[in-house]
Amino acid sequence: MKHTRTWWKEAVGYQIYPASFKDSNGDGVGDINGIREKLPYLKNLGIDFIWINPIYLSPFIDNGYDISDYQAIHPKFGSMAEFDALLEEAHQLEIKIIMDLVINHTSDQHEWFIESRKTTDNPYRDYYIWVDGTPDQVPNDWQSIFGGSVWEYDEQTGQYYLHIFAKEQPDLNWENDQLKEELFTMIRWWLDKGVDGFRLDAISHVKKDEYSVKATENPFSPFQNVSGIDEYLTELKDLFDEYAIMTVGEASGVTAQEGPKWVGEDGYFDMIFEFDHISIWKHEKEGDLDVLNLKKSLSAWQEALDGNGWNALYMENHDVPRLVSVFGDPQRFWQDSAKAIGMMYFFLQGTPFIYQGQEIGMTNMPFESIDQINALDSKRLHQELLKEGKTPEIALDIVADTTRDNSRTPMQWSDESYAGFSTNKPWLVLNPNFKTINVVEQEQDDSSIFHFYKEMIRVRREHLGLIYGSFKEYLPEHAQLYIYERYLTEERYLIMVNLTDEPASYVLPTELDTKWQLLMGNQKDQHFEIQGTLAPYEARIYRKK
Ligand code: GLC
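Residues numbered from 1 in each chain as written. Predicted model: local features only at pLDDT ≥ 70, side-chain atom pairs only at ≥ 80, totals over all residues. Heavy atoms only, no water.

1. Quick look at the overall build of the protein chain
Within the protein chain, the secondary structure is distributed over 16 helices and 20 strands. For 545 residues, the compact-globule estimate of 2.2 N^0.38 gives 24 Å, and the protein chain sits close to it at 23 Å. Across its three principal directions, the C-alpha atoms of the protein chain cover 75 × 55 × 50 Å. Taking all 545 residues of the protein chain together, the buried fraction comes to 60%. Contacts in the protein chain between residues at least 24 apart in sequence constitute 70% of all its contacts with a sequence separation of at least 6. Between the averaged position of the 50 positive side-chain charges in the protein chain and that of its 91 negative side-chain charges there is a distance of 5 Å. (Helix = DSSP H or I, 4+ residues; strand = E, 2+ residues; numbered from the N terminus. Rg over C-alpha atoms; globule rule 2.2 N^0.38 Å. Buried < 20%, exposed > 50% of the residue type's maximum accessible area, 1.4 Å probe, protein only. Contact = heavy atoms within 4.5 Å. Lys, Arg positive; Asp, Glu negative; His and termini not counted. Charge placed at Lys NZ, Arg CZ, Asp CG, Glu CD.)

Here it is, written out as structure tokens:
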């Protein structure tokens, strides 16, 4: 076996976007007690850990990713005592808890920044990145990930500060040792409390290039995976190594070739979320799914990390639209495409993450007006499109298709009022399809997407070869099918998925001509043929007899 056995390699994760998961107190916002209420649901699904998006004190300009106090819980989510109870109850059920760690930036309401902006000689001044300039002369032309300049002029002291996201999210200055010490003390505080690890937000951005450096064709290159970042990440790793935890870094701009440096035996993190197969900040509406490109990027990561690191596998999160709407067909093949795309990524080598609602095939939201949208980057894009001269219909259409609010609509628990999410009007619009797409309905139906996920989790857990086995792709040039084998000594598995809404025929090489037994699939009569046809969005996994 090329990989040492470790709990987080054998685990399946579940991402909770707390504001939209379950509201326990009827204020329309999901909360910690809502998560506690649903722990038995998660246990029944079979997952091993949850990653919770930020629940810290925050003005909520970027939905909690603008933190004003790292060691306090936002009252809308509950209290620290309730968090402690969640941690204990989850641990009793053998579910681990991974927290979101946002240390590239804080809120402009964090006391460090309030101090920092007061005077140029304030002790906290250097915790952030301040540069000389005049109101009409920005330091350089770097563009923020949320749009506009990365520089914000501050009249009080006549300097600019840097923010690669919103202006209310000033970037921390990682060159300041005292700042790092404070961050590390805070991290230890959470670890000593007993949390089981972190998802590190925007961590490939902590190092910035010289201000004279211009962006390449990638507008974010001057502050994305910049050379010298290893020094900071090694300091973090040394801290994490003191604890038996799991870490997963959000690492835009890191290539598969660089993967081993980030997640190998001596890598900075246990896993990273790579961005190749999902282009998160893409603003324009996409055409048909580019199957060949999708396969190429997934396979590249599989090959680069086999024996050299570990993948975090995901198709959805709180920043991207729903997989069935982007990669599948939510109308004609809703159930089959949700299952097929689920199977496609789930049996790759790595730790699979499921985003809330993905396990019931939740779809994009048919937004009818810009007022239904909350995400700040989407609102900004809408304004820009109108400025460019797009009609209101087209502008809304583009935003509706690409906004991350598609995956942030409330979890659909039942067909009751407010989808069983709350007893009150939710903070974000509810997808009207909750009457047909909901948990209660799917728990009762053995052929549902929910049961399919439950089965995939069970199958993966029962076969070590599906966890640690190596990856081999077949027919890489096939424009419809993704076919791969996982093998570990004598164990062999074959995964075959049609990623399109058309039947797909194939001829497999003779080395696969052996006796394969179906483990699971999404159609009837799925016996193996060396040459045959897969129905639209058909998915199968076999085991060698
Ligand atoms: C990450 C988060 C995203 C957030 C951004 C700024 O990409 O996933 O939701 O807006 O960082 O913190």
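From this point, the narrative continues.
2. Focus: the sheet that holds strand β15 (residues 481-488)
Pairing in this open sheet of 5 strands is antiparallel, and the strands run β14-β15-β16-β20-β18 from one edge to the other. The sheet is open, and its two edges are formed by β14 (470-474) and β18 (516-521), each paired on a single side. Within the sheet, the average angular offset between the axes of one strand and its neighbour, ignoring direction, is 25°. With 5 bridges joining them, β14 and β15 adopt antiparallel strand pairing. Bridging from a neighbouring strand, Glu473 pairs with Tyr484 of β15. Sheet strands in contact with helix α9 (residues 291-305) are β14 and β15, and its direction is about 150° off that of β14. On top of the sheet, helix α11 (residues 334-346) reaches β15, β16 (491-498), β18 and β20 (539-544); it is set at about 145° to β16, its chief contact. (Pairing = 2+ DSSP bridges. Axes fitted to C-alpha atoms, helices over the stretch in contact; angles between N-to-C directions.)

3. Considerations on the domain arrangement of the protein chain
When cut into domains, the protein chain gives domain 1 (5-104 + 176-453), domain 2 (105-170) and domain 3 (469-542). A separation of 29 Å is found between the C-alpha centroids of domain 1 and domain 3. Taken together, the contact between domain 1 and domain 3 spans 26 residues of the former and 29 residues of the latter. With both sides pooled, the region where domain 1 packs onto domain 3 buries about 2,200 Å², and carbon together with sulfur makes up 65% of that total. Taken as a group, Lys295, Met343 and Phe347 account for 27% of the area that domain 1 buries against domain 3, more than any other trio of residues on that side. Summed over the shared surface of domain 1 and domain 3, the result is 1 salt bridge. Here Arg332 makes a salt bridge to Asp501, at a shortest N to O gap of 2.9 Å. (Domains from an automatic or database assignment. Buried area = accessible area lost by both parts, 1.4 Å probe. Salt bridge = Lys/Arg side-chain N within 4 Å of Asp/Glu carboxyl O.)

4. Observations regarding unusual backbone geometry
One non-glycine residue, Glu94, lies in the positive phi region at around 60°. Following the sequence through the fold, Glu94 ends up in the loop between α4 (80-92) and β5 (96-101). A relative accessible area of 64% means that Glu94 is categorised as exposed. Of note, the phi angle at Tyr418 is positive, near 50°, even though the residue is not glycine. Looking at the secondary structure, you find Tyr418 in the loop between α13 (392-402) and α14 (439-444).

5. Observations concerning the sheet that holds strand β11 (residues 271-273)
Read across the open sheet, the 8 strands follow the order β11-β10-β9-β5-β2-β1-β13-β12; overall the sheet is parallel. Since the sheet does not close on itself, it has two edges, and those belong to β11 and β12 (312-313), each with one partner. In the packing of α4 onto the sheet, the strands contacted are β2 (49-52) and β5, and the crossing angle to β5 comes to about 140°.

6. What to know about the site of the ligand
Within the structure, the ligand sits among 14 residues, and Asp62, Asp201, Glu250, His318 and Asp319 are positioned closest to it. Within the contact set of the ligand, an oxygen atom lies 2.6 Å away from a side-chain nitrogen or oxygen of Asp62. Between the ligand and Asp319, the relevant distance is 2.5 Å, taken from an oxygen atom to a side-chain nitrogen or oxygen of the residue. Expressed as a share of its isolated accessible area of 300 Å², the protein-covered part of the ligand is 99%. Here the residues of the shell around the ligand are counted per class, giving 4 nonpolar, 3 polar and 7 charged. (Near = heavy atom within 4 Å. Polar contact = N/O pair within 3.5 Å; in protein donor to acceptor, adjacent residues only side chain to side chain. Areas by Shrake-Rupley, 256 points an atom, 1.4 Å probe, with all protein chains shown as cover. Nonpolar A, V, L, I, M, F, W, Y, C, P; charged D, E, K, R; others polar.)

7. Examining the packing of aromatic side chains
Under the defined criterion, the tally for this structure stands at 41 aromatic pairs. When the centroid spacing of 6.2 Å and the interplanar angle of 40° are considered together, the rings of Trp262 and Phe269 count as tilted. Using a relative accessible area of 0% as the deciding quantity, one classes Trp262 as buried. Members of the aromatic cluster, joined through ring pairs, are Trp7, Phe49, Trp51, Phe273, Tyr314 and Phe353. Here the guanidinium or amino end of Lys96 rests over the ring plane of Trp7, the centre of that ring lying 4.7 Å away. The ring of Trp130 carries the charged tip of Arg125 above its face, separated from the ring centre by 3.7 Å. (Phe/Tyr/Trp six-rings, centres within 6.5 Å; stacked < 30°, edge-to-face > 60°. Lys NZ or Arg CZ within 6 Å of the ring centre and 35° of its normal.)

8. Section: the nonpolar core
Tyr14, Ile103, Ile187 and Trp262 are the most contacted members of the largest nonpolar core, which totals 136 residues. In terms of residues, this core owes the most to one element, α11, which gives 8 residues. Residues Phe146, Ile164, Ala166 and Phe220 belong to the second largest nonpolar core, which totals 15 residues. (Core = buried A, V, L, I, M, F, W, Y, C linked by side-chain atoms within 4.5 Å.)

9. A word on a negative patch on the surface
Taken together, the side chains of Asp126, Glu175, Glu210, Asp230 and Glu231 make up a negatively charged region of the molecular surface. Residue placement: Glu175 occurs in the loop between β8 (159-162) and α6 (177-193). The exposure class assigned to Glu175 is exposed, which follows from its relative accessible area of 57%. (Patch = residues over 30% accessible without salt bridge, like charges linked within 9 Å, V, L, I, M, F, W, Y side chains within 5 Å.)

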